[in-house]
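Commentary on secondary and tertiary structure
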Amino acid sequence: MTLVSGTHDAHGAAYRDRGGREVVDHYGKPVRVGKAVRKVAGVIEMGYGVLAVRGADRVEFVDNAVSNRVPTADGEGTYALLLDPQGGIETDMYVYNADERLLVFLPPERTEAVAADWAENVFIQDVEIDDVSDEFGVFGVHGPKSTEKVASVLGGPGAPEEPLSFVRGSMVDAGVTVIATDGPLGEEGYEIVCAAADAGDVFDTLINRGLNATPFGYRTWDALATEAGTPLFEYELAGTVPNVLGLRNALDFDKGCYVGQEVVSRVENQGRPSRRLVGLELDGLAEAVADVDADANPKGIDDALPASGAAVFDGDEAVGEVTRAAVGPATDVPIGLALVAFDADLGSVTVRVDGDEVPAAAVDLPFVDGSARSARLPTYPGLRA
């Protein structure tokens, strides 16, 4: 269950499972809600798992495990990956230095496994790992007016400015931590962390006090992230070598060894991975999607769009597969992300949907320019012009 189900229900929430955790799918009218987030601000209850890592050796221990350098100063964070020996992504995560402990936010389905794996690899180090997911509420605030929204209800310091930095303050009578995000939806954004017992009051404050903000769910989150060109764990990241996704913000090529580093470094030295992530405008589906009321019938939109794994063709040659598709709240047309052969020309692209070849167009990411750019936008130094 979510921490604030009563409030979600009052707004007409429909739920879905995300990695074994119940989250809001939508509140009805997900495309219209997405437009509101793009224009002003929206609030979502995040479905993270959270690990606390304590002990004198906590920074060194986690730094040795992940693909990016773990910050040593309180108030700082980083985006990082855990890789398998073949370089595939086992999970992504945000690691925050919170004074005497590190807080690790990760997909809920990976929390138990990561905690168990790290506990097994603690030898003589002073490190203690606990699953503290039930202790916190986490809410995302995103949109071009999100800074104004947070400022209108935050007591204490001003909102943090540097991505993944954070400050401590209060909302109503609750203590909160406010984190500046790295723009996963292509908009200014913050995450508000509070004690689980205060989650109801904080969520109500974020929706109803100060500048108005619209509640939104993960269906809208996925569509906005698609427009922003942000690869997500559920669709693109799991099992993929990070170079394929151009996730350079998650990689520190100068730090010490971590599992999978040899593969990542080898692919980097080759100058290009075997595949790359691209955007697709699904022009051939525009009419079919227009015949479905996306707000009244979200499932009908799902049925009209290509499923994950749908084949992508360049002429007669199969060159990749769709990872996800959505109706873009800002673009108002069907769009998708796809993993394709790195050297594919993508001059005459089609996507297979229900056995038919549907015309599409490969485009640069992001699909829209919002108030921020996602730090996960693919970057390929070896990509030919």
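As the structure is a computational prediction, the values presented were derived from the model and not from experiment.

1. Considerations on the UniProt feature "binding site: substrate" (unreviewed entry) in the protein
UniProt annotation of "binding site: substrate" (unreviewed entry) refers to E191 when read in the numbering used here. The topology assignment puts E191 in strand β12 (residues 189-195). Residue E191 is classed as buried on the basis of its relative accessible area of 4%. Those residues in contact with E191 that sit more than four places away from it in its chain are M46, Y48, Y96, F105, V138, F139, G140, T177, V178, I179 and T181. A distance of 2.7 Å separates polar atoms of two side chains, one belonging to E191 and the other to Y48.

2. Overview of unusual backbone geometry
The peptide bond linking L365 to P366 adopts the cis configuration, its omega dihedral lying at 0 degrees. Counting through the fold element by element, P366 comes out in the segment after β19 (356-363). Even without glycine at this site, V172 takes up a positive phi of about 50 degrees. Among the structural elements, V172 can be located in the loop between β10 (166-171) and β11 (174-180). Residue classification places V172 among the partly exposed positions, given a relative accessible area of 37%. Unusually for a residue other than glycine, L346 sits at a positive phi of about 55 degrees. Locating L346 in the fold gives a position in the loop between β17 (334-341) and β18 (349-353). Of the residues examined, L346 reaches a relative accessible area of 13% and is grouped as buried.

3. Comments concerning the pairing of strand β5 (residues 76-83)
For β5, the buried fraction is high: 7 of the 8 residues fall into the buried class. Where β5 hands over to strand β6 (residues 89-98), the hairpin turn is made up of 5 residues, of which G87 adopts a positive phi near 85 degrees.

4. Description of the sheet that holds β11
One open sheet holds the 6 strands; their spatial order is β10-β11-β12-β9-β3-β13, and the pairing between them is mixed. Both edges of this open sheet fall to β10 and β13 (214-215), since each of them pairs with a single strand only. Examined bridge by bridge, β10 and β11 share 6 bridges and lie antiparallel to one another. Paired with F166 across the bridge in β11 is I179.

5. Quick look at the packing of helix α2 (residues 30-39) against helix α7 (residues 218-228)
Axis separation between α2 and α7 bottoms out at 9 Å; the angle between their running directions is 55 degrees. The angle between α2 and α7 falls in the class oblique. Seen from above, α2 lies across α7 with right-handed handedness. On α7, the residues touching P30, V33, G34, V37 and R38 of α2 are R219, T220, L224, E227 and A228. Here the residues of the contact of α2 with α7 sort into 5 nonpolar, 2 polar and 3 charged.

6. Describing a negative patch on the surface
A surface patch of negative charge is lined by E112, D131, D134 and E135. One can find E135 in the loop between β8 (128-131) and β9 (136-142).

7. Structural notes on the sheet that holds strand β15 (residues 311-314)
Around the barrel, which closes on itself, the 6 strands sit in the order β14-β17-β16-β15-β18-β19 with antiparallel pairing between neighbours. Each adjacent strand pair in this sheet contributes to an overall mean axis angle of 45 degrees, direction not counted. Here α7 sits on the sheet and contacts β16 (317-327) and β17; the angle it forms with β16, its principal contact strand, is near 130 degrees.

8. Side note on the side chain of T350
Along the chain, the position of T350 falls in strand β18. Judged by its relative accessible area of 18%, T350 falls in the buried class. A polar side-chain atom of T350 sits 3.5 Å from a polar atom in the side chain of E357. When near neighbours in sequence (up to four residues on either side) are disregarded, T350 contacts A311, V312, F313, E357, V358, P359 and A360.

9. Regarding the packing of aromatic side chains
On inspection of all chains with the given rule, the structure shows 9 aromatic pairs. When the centroid spacing of 6.1 Å and the interplanar angle of 90 degrees are considered together, the rings of F61 and W118 count as edge-to-face. Residue F61 is located in helix α3 (residues 58-65), and its partner W118 is located in helix α4 (residues 108-120); the two are separated by 57 residues in the primary sequence. The same class applies to F61 and to W118, which are both buried.

10. Overview of α2
Looking at α2, one finds that the buried residues are P30, V31, V33, G34, V37 and R38. All buried residues of α2 project into a common sector of 155 degrees when viewed along the axis, lining one side.

11. Here's the deal with the pattern of salt bridges
The tally for this structure, following the rule as stated, stands at 21 salt bridges. As a salt-bridge pair, D92 and R376 come within 3.7 Å of each other at their nearest N and O atoms. With D92 in strand β6 and R376 in the segment after β19, this pair connects stretches of sequence that are 284 residues apart. You'll find D92 and R376 in the same group, each marked buried. We note a salt bridge from D302 to R219, for which the minimum N-O separation is 3.0 Å. Here D302 is found in helix α11 (residues 298-304), whereas its partner R219 is found in helix α7, with 83 residues between them in sequence. The structure contains a network of salt bridges with shared partners spanning R16, D25, R219, D222 and D302.

Cut-offs applied
Residues numbered from 1 in each chain as written. Predicted model: local features only at pLDDT ≥ 70, side-chain atom pairs only at ≥ 80, totals over all residues. Heavy atoms only, no water. UniProt positions renumbered as here; feature names shortened; annotations may be inferred. Helix = DSSP H or I, 4+ residues; strand = E, 2+ residues; numbered from the N terminus. Buried < 20%, exposed > 50% of the residue type's maximum accessible area, 1.4 Å probe, protein only. Contact = heavy atoms within 4.5 Å. Polar contact = N/O pair within 3.5 Å; in protein donor to acceptor, adjacent residues only side chain to side chain. Pairing = 2+ DSSP bridges. Axes fitted to C-alpha atoms, helices over the stretch in contact; angles between N-to-C directions. Parallel < 35°, antiparallel > 145°, perpendicular 65-115°, else oblique. Left-handed = near helix turned anticlockwise from the far one by under 90°. Nonpolar A, V, L, I, M, F, W, Y, C, P; charged D, E, K, R; others polar. Patch = residues over 30% accessible without salt bridge, like charges linked within 9 Å, V, L, I, M, F, W, Y side chains within 5 Å. Areas by Shrake-Rupley, 256 points an atom, 1.4 Å probe, with all protein chains shown as cover. Salt bridge = Lys/Arg side-chain N within 4 Å of Asp/Glu carboxyl O. Lys, Arg positive; Asp, Glu negative; His and termini not counted. Charge placed at Lys NZ, Arg CZ, Asp CG, Glu CD. Phe/Tyr/Trp six-rings, centres within 6.5 Å; stacked < 30°, edge-to-face > 60°. Arc of directions from axis to C-beta.

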